[in-house]
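Inside the fold
Read off the chains here:
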Amino acid sequence: MNILFFLSPKQDLMYVYDDFTLRQTLEKWENNRYASIPVLNRKGEYVGTLTEGDILWGLKQQHGLDIEAAEDVPISSFAHKRDYKAVTVTTSMDQLIEAAMNQNFVPVVDDRGIFIGIVRRQAIIRYCYDKARAEARKAQSAPDACPKGSLAAGGGTGSPSQSKPCGFASSPEGGAKTSQRAAAPLYNPPVACGDSPR
């Protein structure tokens, strides 16, 4: 499974530039209720993650700050509690899932470090959930044994002595028939999602 399958592209996201002022950041953030957003430089490179908590702690240091004064406060002066780890499009699914376990979204960059989008943790959880449900339905729909009186493939015609009940096989010697039941397929639930395409 390719990371691009889960990607929310840059043009559909909210992000800020590291040369924004506090006022610019707040005005852009006002109508988007995100807990954290990517921060880029003017080259388009991912440089960090800004959270609501970072803003609140930064405001605490600015005594008597009003909205006009916020025009003179660079957002780069606000410390980041934690910057989300970025991955590339060639990152394995195991690494992507490991990163998503510890952050709300995973920034994705190309081989030049240019930000191209994010993978939301919700998208990974949804994929894993749908995959697990599909596997469960497939296992439930597979019968444990053929209905009573049904015949094995190839035994639909001919005399009863030539037909074989489902799950039984004749001895290769052609003499006495064995009653050894063929092994039923086992259901192996997926250990990690993303190993095979949807």
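Rules used throughout
- Residues numbered from 1 in each chain as written.
- Predicted model: local features only at pLDDT ≥ 70, side-chain atom pairs only at ≥ 80, totals over all residues.
- Heavy atoms only, no water.
- Helix = DSSP H or I, 4+ residues; strand = E, 2+ residues; numbered from the N terminus.
- Polar contact = N/O pair within 3.5 Å; in protein donor to acceptor, adjacent residues only side chain to side chain.
- Core = buried A, V, L, I, M, F, W, Y, C linked by side-chain atoms within 4.5 Å.
- Buried < 20%, exposed > 50% of the residue type's maximum accessible area, 1.4 Å probe, protein only.
- Contact = heavy atoms within 4.5 Å.
- Phe/Tyr/Trp six-rings, centres within 6.5 Å; stacked < 30°, edge-to-face > 60°.
- Lys NZ or Arg CZ within 6 Å of the ring centre and 35° of its normal.
- Pairing = 2+ DSSP bridges.
- Right-handed = clockwise from strand over helix to strand, strands pointing away.
- Axes fitted to C-alpha atoms, helices over the stretch in contact; angles between N-to-C directions.
- Parallel < 35°, antiparallel > 145°, perpendicular 65-115°, else oblique.
- Left-handed = near helix turned anticlockwise from the far one by under 90°.
- Nonpolar A, V, L, I, M, F, W, Y, C, P; charged D, E, K, R; others polar.
- Salt bridge = Lys/Arg side-chain N within 4 Å of Asp/Glu carboxyl O.

**What about the side chain of Ser36?**
Inspection of the secondary structure puts Ser36 in strand S3 (residues 36-40). Of note is the side chain of Ser36, whose polar atom sits 3.4 Å from the side chain of Tyr84.

**Section: the nonpolar core**
Formed by 23 residues in total, the largest nonpolar core has its most connected members in Leu22, Leu50 and Ile75. For this core, the elements supplying multiple residues, two or more each, are strand S2 (16-17), helix H1 (22-29), S3, strand S4 (46-51), strand S6 (105-109) and strand S7 (115-120). Tallying contributions element by element places S3 first for this core, with three residues. Setting aside chain neighbours within four positions, we find Leu22 in contact with Ile55, Leu59, Leu65, Ala70, Val73, Ile75 and Phe78. Listed in part, the 12 residues of the second largest apolar core include Ile3, Phe6, Met93 and Val106.

**As for the packing of aromatic side chains**
What describes a pair of aromatic rings is the distance from one ring centre to the other and the angle between the planes of the rings. Tallying each qualifying case throughout the model produces eight aromatic pairs. For the ring pair Phe6 and Tyr127, a centre distance of 5.3 Å and an interplane angle of 85 degrees mean the geometry is edge-to-face. Taken together, the residues Phe6 in the segment before strand S1 (7-9) and Tyr127 in helix H4 (residues 121-141) connect sequence positions 121 residues apart. The residues Phe6 and Tyr127 share a single accessibility class, namely buried. Taking the centre distance of 5.7 Å and the plane angle of 90 degrees together, the rings of Tyr15 and Tyr17 count as edge-to-face. Across this residue pair, the class does not change: Tyr15 and Tyr17 are buried. A network of ring pairs unites the aromatic residues Tyr15, Tyr17, Phe20, Tyr46 and Phe115 as a single cluster. Taking the ring centre of Tyr15 as reference, the NZ or CZ of Lys28 above it sits at 4.9 Å. Here Arg42 stacks its cationic end above the ring of Tyr17, 4.0 Å away from the centre of that ring.

**Concerning the pairing of S6**
Residues in a regular strand point their side chains to alternate faces of the sheet. Burial runs high along S6: five of the five residues are buried. Going residue by residue along S6, you find Phe105, Pro107 and Val109 tucked away on one face and Val106 and Val108 tucked away on the opposite face as well. For strand S5 (residues 87-88) and S6, the ladder comprises two bridges, and the chain directions are parallel. Looking at S6, one finds that Thr88 is bridged to Val109. In this region the chain leaves S5, passes through helix H3 (residues 93-100) and returns to the parallel neighbour S6; the handedness of that crossover is right-handed. One ladder, built from five bridges, connects S6 with S7; its direction is antiparallel. Looking across to S7, one finds that Val106 is bridged to Val119.

**Details of the packing of H1 against helix H2 (residues 52-61)**
With their axes 13 Å apart at the nearest point, H1 and H2 run at an angle of 140 degrees to one another. Classified by the interaxial angle, the pair formed by H1 and H2 is oblique. The two elements H1 and H2 meet at a crossing, and its hand is left-handed. Contacts between H1 and H2 involve Leu22, Leu26 and Trp29 from the former and Glu52, Ile55 and Leu59 from the latter. For the contact of H1 with H2, the class distribution of residues is five nonpolar, no polar and one charged.

**A closer look at the pattern of salt bridges**
Oppositely charged side chains are able to pair whenever their charged atoms sit close together. Inspection of the entire model under this criterion finds five salt bridges. Of the charged contacts, one joins Arg23 and Glu27 as a salt bridge, the two residues approaching to 2.9 Å between their closest N and O atoms. Placement of both Arg23 and Glu27 in helix H1 is noted, with a separation of four residues, approximately one turn of the helix. By relative accessible area, Glu27 is classed as partly exposed at 41%. Residue Arg23 is joined to Glu71 by a salt bridge in which the shortest nitrogen-to-oxygen separation is 2.5 Å. Residue Arg23 is found in helix H1, and its partner Glu71 is found in the loop between H2 and S5; the two are separated by 48 residues along the sequence. Its relative accessible area of 42% is what places Glu71 among the partly exposed residues. Three or more residues joined by partner-sharing salt bridges are found here, namely Arg23, Glu27 and Glu71.

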